Amino acid sequence: MPQEFRLILKYADEPGYTPDIECYLRHGGYESLRKALAIAPKTLPDGKVVGAPEQIRDDVKLSGLRGRGGAGFSCGLKWSFVDRRSGKPIYLICNADESEPGTFKDRQILHKDPHQMIEGMIISCFANDVKLAYIYIRGEFPEGARILNRALNEARAKNFLGKNILGSGYDLEIHVHRGAGAYICGEETGLIESLEGKRAYPRIKPPYFPAILGLYQCPTIVNNVETLCAVKHIVGMGGAEFAKLGTPNNTGTRIVSVSGHVRKPGYYEIEVGKATIGQLINDFAGGLREGRKLKAVIPGGSSAKVFKAGEKFKLKKKGPDGKDIEQEVDMLDLPYDFDSLMAAGSMSGSGALIIMDDSTDIVAALANLSEFYAHESCGQCTPCREGSLWMSKALHRMAHGEGRKQDADYLLKIADNIPGGRTICAFGEACSWPVQSFVGKFKDEFVARGEADEARRAAGATRPSHS
Amino acid sequence: MAFSVPANLEAEITELISHYPQKRSASLMILHAVQEHFGWISQEAVEWIAARLELQPINVYELVTFYPMFRREPAGKHVVKVCRTLSCALGGSHELHGHVCQKLGLDAHAHGLQTTADGKFSVEFVECLASCGTAPVMMCNEDFHQAVTAAKADEILGKCA
């Protein structure tokens with residue numbers, strides 16, 4: 001049976017572990033920052049001198065760290081895109097806007113071990129020559145914002161922040177910025193607009209790649225809370241050591257949030273890819289409730305395409321001779337990592353599993369998610385603004401006894417016409433994927449619901465009791 | 001009477017503005033501070049903030065209408081937010097929301113924030129509060145509550161003076 005591997009949450013749940021700086025320092029806190037600041041410049045054989053920041057950036061690239069917010073993009077690569085020649089200031093923003101339904105991992109870090117994230121953030125800022133950085137925390141985390149402000153003050157008092165940090169000559173200031181209830185602020189360009197004091201309308205790319213034209217049209221890095229914590233550990237143990245954790249191309253650990261119909265919902269930190277979906281459900285989260293069967297799993301936050309129980313996938317695997325061999329894998333046997341889930345047509349996204357057993361009304365479940373997306377569409381692009389609302393209205397109707405048998409196809413037609421370059425940001429995809437996958441994989445249930453409602457109406461009956 | 005803010009709030013706002021290289025960035029944080037003090041964002045408050053940040057009132061008003069947490073009318077003394085989204089729904093949040101509404105004499109099917117006639121409570125069914133593992137969850141003012149049963153909800157409401 002696989003075990004949890006607690007790297008980031010190593011101390012968070014220990015009895016007596018508190019979010020204050022003294023406790024953090026007793027547990028080796030800010031040692032990685034000291035180490036980072038003390039890295040000596042290295043002279044290459046060709047005479048080129050590589051400073052500490054660049055060495056850290058190289059190490060992060062070597063570590064293979066992929067972003068923990070949702071897209072799973074290489075952190076080292078993201079940093080390498082930063083325009084360092086523009087002469088403009090470089091900003092770093094910690095994305096603490098944890099809003100993807102199903103996800104509750106950053107909450108644990110922010111509330112229980114804020115200094116770990118701050119240390120990772122200071123190191124990341126140092127590595128990228130950032131002098132001013134922000135933590136964008138969602139408005140619904142007022143306690144989290146207070147904890148962070150307290151922690152930043154403590155760090156300032158100990159000179160981990162501010163002018164001439166620990167005598168290194170490096171200056172950095174970090175401020176907390178609160179959101180106000182809009183999911184779209186988790187999208188990095190929307191977040192940047194919001195931080196500029198505007199509506200969180202995502203920006204079009206090109207030209208507004210944050211690494212070149214981000215906050216105040218300056219080069220900007222946006223990294224997730226958990227990603228920044230990982231940076232601290234990369235500096236602490238070295239990128240090569242970090243890369244040994246997890247599986248190739250899916251390195252390090254990941255905090256997986258498991259919710260829904262399991263006996264022990266919660267967050268479980270694993271080496272990436274070292275546990276399967278089935279193990280996460282059955283071994284970590286205690287399995288399904290008594291007498292229940294699995295119906296569906298959303299594997300990476302609500303935007304990820306749903307998996308149906310019993311679904312099989314053909315995955316390519318390297319054989320002993322180095323050649324690709326195709327292997328049939330049951331959904332439950334998929335290793336929980338970035339690449340396997342992508343190969344299976346979904347994604348590990350924000351690392352959140354939502355488990356649904358056979359008591360779930362699949363139409364109502366999708367109606368719930370679609371209502372979320374209709375509420376959260378920023379309204380900038382017509383296909384997304386209108387489409388998300390149409391889908392939600394149709395599903396609301398279906399969930400309340402007013403379905404039609406053609407609704408399944410109607411929903412698919414709308415969902416197919418939102419994503420694929422028709423919208424500025426990936427919200428178009430995010431609102432369509434649940435509809436495409438739920439209706440696509442459980443089509444018989446959607447059609448049956450519509451037919452039953454039609455038959456009932458034809459017989460002159462009013463709404464059924466479930467509405 | 002002209003809109004004015006007390007000295008401590010004014011000082012807080014000045015401090016917030018100093019956190020950013022561009023004043024406009026402070027608008028969300030100032031809206032939070034103003035709403036915390038007055039309970040809602042009035043038209044006068046919008047105009048005052050805009051003037052303070054050298055913006056047009058529309059630049060502030062469009063934030064109030066965009067971001068769900070800002071209110072354009074006063075709310076009840078205690079604001080209850082029950083999470084509506086999938087994991088909480090699977091864990092019974094509709095029953096919880098229905099229970100809270102029924103107890104307070106509110107309509108569980110109404111959209112948006114609704115307030116009791118005596119102005120003591122406002123209830124809102126909100127989107128994911130990011131604690132899906134302890135569903136159903138709710139907030140009462142700034143306090144966060146997990147795995148809320150009907151009995152626990154009664155207790156939380158009962159403690160609101």
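Definitions and limits used
- Residues numbered from 1 in each chain as written.
- Chains lettered and ligands numbered in written order.
- Predicted model: local features only at pLDDT ≥ 70, side-chain atom pairs only at ≥ 80, totals over all residues.
- Heavy atoms only, no water.
- Helix = DSSP H or I, 4+ residues; strand = E, 2+ residues; numbered from the N terminus.
- Buried < 20%, exposed > 50% of the residue type's maximum accessible area, 1.4 Å probe, protein only.
- Contact = heavy atoms within 4.5 Å.
- Areas by Shrake-Rupley, 256 points an atom, 1.4 Å probe, with all protein chains shown as cover.
- Rg over C-alpha atoms; globule rule 2.2 N^0.38 Å.
- Lys, Arg positive; Asp, Glu negative; His and termini not counted.
- Charge placed at Lys NZ, Arg CZ, Asp CG, Glu CD.
- Axes fitted to C-alpha atoms, helices over the stretch in contact; angles between N-to-C directions.
- Parallel < 35°, antiparallel > 145°, perpendicular 65-115°, else oblique.
- Left-handed = near helix turned anticlockwise from the far one by under 90°.
- Nonpolar A, V, L, I, M, F, W, Y, C, P; charged D, E, K, R; others polar.
- Pairing = 2+ DSSP bridges.
- Domains from an automatic or database assignment.
- Phe/Tyr/Trp six-rings, centres within 6.5 Å; stacked < 30°, edge-to-face > 60°.
- Buried area = accessible area lost by both parts, 1.4 Å probe.
- Salt bridge = Lys/Arg side-chain N within 4 Å of Asp/Glu carboxyl O.
- Core = buried A, V, L, I, M, F, W, Y, C linked by side-chain atoms within 4.5 Å.
- Arc of directions from axis to C-beta.

1. Quick look at the overall build of chain B
So, step 1. Along chain B, the regular secondary structure elements total 7 helices and 5 strands.
So, step 2. Shown N-terminal to C-terminal, the secondary structure of chain B runs as helices and strands in the order α-α-α-α-β-α-α-β-β-β-β-α.
So, step 3. Each of the 161 residues in chain B was classed as buried or not, and the buried ones make up 51%.
So, step 4. Looking at chain B alone, contacts between residues at least 24 apart form 58% of all its contacts between residues at least 6 apart.
So, step 5. Approximately 7,300 Å² of chain B is accessible, and the part contributed by carbon and sulfur atoms is 52%.

2. A closer look at the overall build of chain A
So, step 1. Helices and strands together make up the secondary structure of chain A, namely 17 helices and 15 strands.
So, step 2. The C-alpha radius of gyration of chain A comes to 23 Å, within 12% of the 23 Å expected for a compact globule of 467 residues.
So, step 3. If you line up chain A on its principal axes, its C-alpha atoms span 80 × 50 × 50 Å.
So, step 4. Among the 467 residues that make up chain A, the fraction classed as buried is 59%.
So, step 5. Expressed as a percentage of contacts within chain A between residues at least 6 apart in sequence, the contacts between residues at least 24 apart total 69%.
So, step 6. Here chain A has roughly 17,800 Å² of accessible surface; of this, 53% comes from carbon and sulfur atoms.
So, step 7. One way to put it: in chain A the 61 positive side-chain charges average out to a point 2 Å from where the 58 negative ones average out.

3. A word on the packing of helix H2 (residues 27-38) of chain B against helix H4 (residues 57-66) of chain B
Residue and element names in this part refer to chain B.
So, step 1. Relative to each other, H2 and H4 sit at 70 degrees, their axes nearing to 11 Å. As the angle between them shows, H2 and H4 are arranged roughly perpendicular. Where H2 crosses over H4, the handedness of that crossing is right-handed. Residue-level inspection shows Ser 27, Leu 28 and Leu 31 of H2 in contact with H4, the latter providing Val 60, Leu 63 and Val 64.
So, step 2. Taken together, the residues of the contact of H2 with H4 sort by class into 5 nonpolar, 1 polar and no charged.

4. Brief notes about the pairing of strand E10 (residues 266-271) of chain A
Residue and element names in this part refer to chain A.
So, step 1. Of all 6 residues that make up E10, 6 are buried, and the element is covered over most of its length.
So, step 2. Side chains of E10 alternate between two faces, with Gly 266, Tyr 268 and Ile 270 and Tyr 267, Glu 269 and Glu 271 buried alike.
So, step 3. Between strand E9 (residues 253-260) and E10, which follow one another and run antiparallel, lie 5 residues.

5. A word on the environment of Gly 246 of chain A
Residue and element names in this part refer to chain A.
So, step 1. As for its position among the elements, Gly 246 is in strand E7 (residues 246-247).
So, step 2. We classify Gly 246 as buried; its relative accessible area is 9%.
So, step 3. Setting aside anything within four residues of it in sequence, one finds Gly 246 in contact with Gly 252, Glu 271, Val 272 and Lys 274.

6. Structural notes on the domain arrangement of chain B
So, step 1. When cut into domains, chain B gives domain 1 (7-66) and domain 2 (78-158).
So, step 2. One C-alpha centre belongs to domain 1 of chain B, the other to domain 2 of chain B; they are set 29 Å apart.

7. Some points on the packing of aromatic side chains
Geometrically, a pair of aromatic rings is defined through the distance of the ring centres and the angle of the planes.
So, step 1. Scanning all chains against the criterion turns up 19 aromatic pairs over all chains.
So, step 2. Both rings, one in Tyr 183 of chain A and one in Phe 427 of chain A, keep their centres 5.9 Å apart while their planes meet at 70 degrees; by these two values the pair is edge-to-face. Taken together, the positions of Tyr 183 of chain A in the loop between strand E5 (173-178) and helix H8 (188-195) and Phe 427 of chain A in helix H16 (residues 427-441) put the pair 244 residues apart, joining distant regions of the chain. Considered together, Tyr 183 of chain A and Phe 427 of chain A belong to a single accessibility category, that of buried residues.
So, step 3. Arranged with centres 5.1 Å apart and planes meeting at 40 degrees, the rings of Phe 3 of chain B and Phe 38 of chain B form a pair that is tilted. Of the two residues, Phe 3 of chain B is situated in the segment before helix H1 (7-17) and Phe 38 of chain B in helix H2; the sequence distance between them amounts to 35 residues.
So, step 4. A residue is classified by how much of its surface remains accessible, and Phe 38 of chain B, at 31% relative accessible area, is partly exposed.

8. A short note on the interface of chain A and chain B
It is common to give the size of an interface as the accessible area that goes away when the parts come together.
So, step 1. Contact with chain A, which involves 55 residues of that partner, is made by 37 residues of chain B.
So, step 2. Of the roughly 3,700 Å² buried between chain A and chain B, counting both surfaces, carbon and sulfur atoms make up 59%.
So, step 3. On the chain A side of the interface with chain B, the three residues burying the most area are Arg 178, Ala 180 and Arg 199 of chain A, jointly 18% of the side's total.
So, step 4. Along the contact surface separating chain A from chain B lie 2 salt bridges.

9. Some details on the pattern of salt bridges
Residues and elements named next belong to chain A.
So, step 1. Within this structure, the stated rule accounts for 42 salt bridges over all chains.
So, step 2. Across the pair Asp 339 and Arg 66 runs a salt bridge, and its minimum N-O distance is 3.0 Å. Here Asp 339 is found in helix H12 (residues 338-343), whereas its partner Arg 66 is found in the loop between helix H3 (52-63) and helix H4 (75-80), with 273 residues between them in sequence.
So, step 3. The shortest N-O distance in the salt bridge between Lys 205 and Glu 188 comes to 4.0 Å. In this pair, Lys 205 is assigned in the loop between H8 and strand E6 (220-224) and Glu 188 in helix H8, connecting sequence segments 17 residues apart.
So, step 4. According to the relative accessible area criterion, Glu 188 is buried, its value standing at 18%.

10. So, the environment of Ser 303 of chain A
Residue and element names in this part refer to chain A.
So, step 1. Locating Ser 303 in the fold gives a position in the loop between strand E11 (294-298) and strand E12 (307-308).
So, step 2. By relative accessible area, Ser 303 is classed as buried at 4%.
So, step 3. Put simply, Ser 303 and Glu 429 are 126 residues apart on the chain and 8.0 Å apart in space, counted from C-alpha to C-alpha.
So, step 4. Those residues in contact with Ser 303 that sit more than four places away from it in its chain are Glu 100, Tyr 183, Met 347, Tyr 373, Ala 430, Trp 433 and Pro 434.

11. Observations regarding the nonpolar core
So, step 1. Counting 84 residues, the largest nonpolar core has Ile 93, Ile 298, Met 356, Phe 438 and Phe 446 of chain A together with Ile 30 and Tyr 67 of chain B as the members making the most contacts within it.
So, step 2. Considering each element in turn, this core owes the most residues, 8 residues, to helix H13 (residues 362-376) of chain A.
So, step 3. For Ile 298 of chain A, the residues in contact, after removing those within four places along its chain, are Ala 304, Val 306, Ala 352, Leu 353, Ile 354, Met 356, Leu 369 and Phe 438 of chain A together with Leu 86 of chain B.
So, step 4. Ranked by size, the runner-up nonpolar core spans 67 residues in total, among them Leu 9, Tyr 17, Tyr 30 and Ala 36 of chain A.

12. Here's the deal with the sheet that holds strand E15 (residues 352-357) of chain A
Residue and element names in this part refer to chain A.
So, step 1. Read across the open sheet, the 5 strands follow the order E10-E9-E15-E11-E12; overall the sheet is mixed. Because the sheet does not close on itself, it has two edges, and the strands there are E10 and E12.
So, step 2. Relative to E15, E11 runs antiparallel, the two sharing 4 bridges. Within E15, the residue paired with Leu 294 across the bridge is Asp 357.

13. Some thoughts on helix H7 (residues 150-158) of chain B
Residues and elements named next belong to chain B.
So, step 1. Among the residues of H7, Ala 153, Ile 156 and Leu 157 are the ones counted as buried. Considered in projection along H7, the buried side chains sweep an arc of 95 degrees and stay on one side of the axis. More than 90 degrees from the buried face of H7, the exposed residues found are Ala 151 and Gly 158.
So, step 2. Buried residues along H7 sit against strand E1 (78-83), helix H6 (93-104), strand E3 (121-126), strand E4 (138-140) and strand E5 (143-145).

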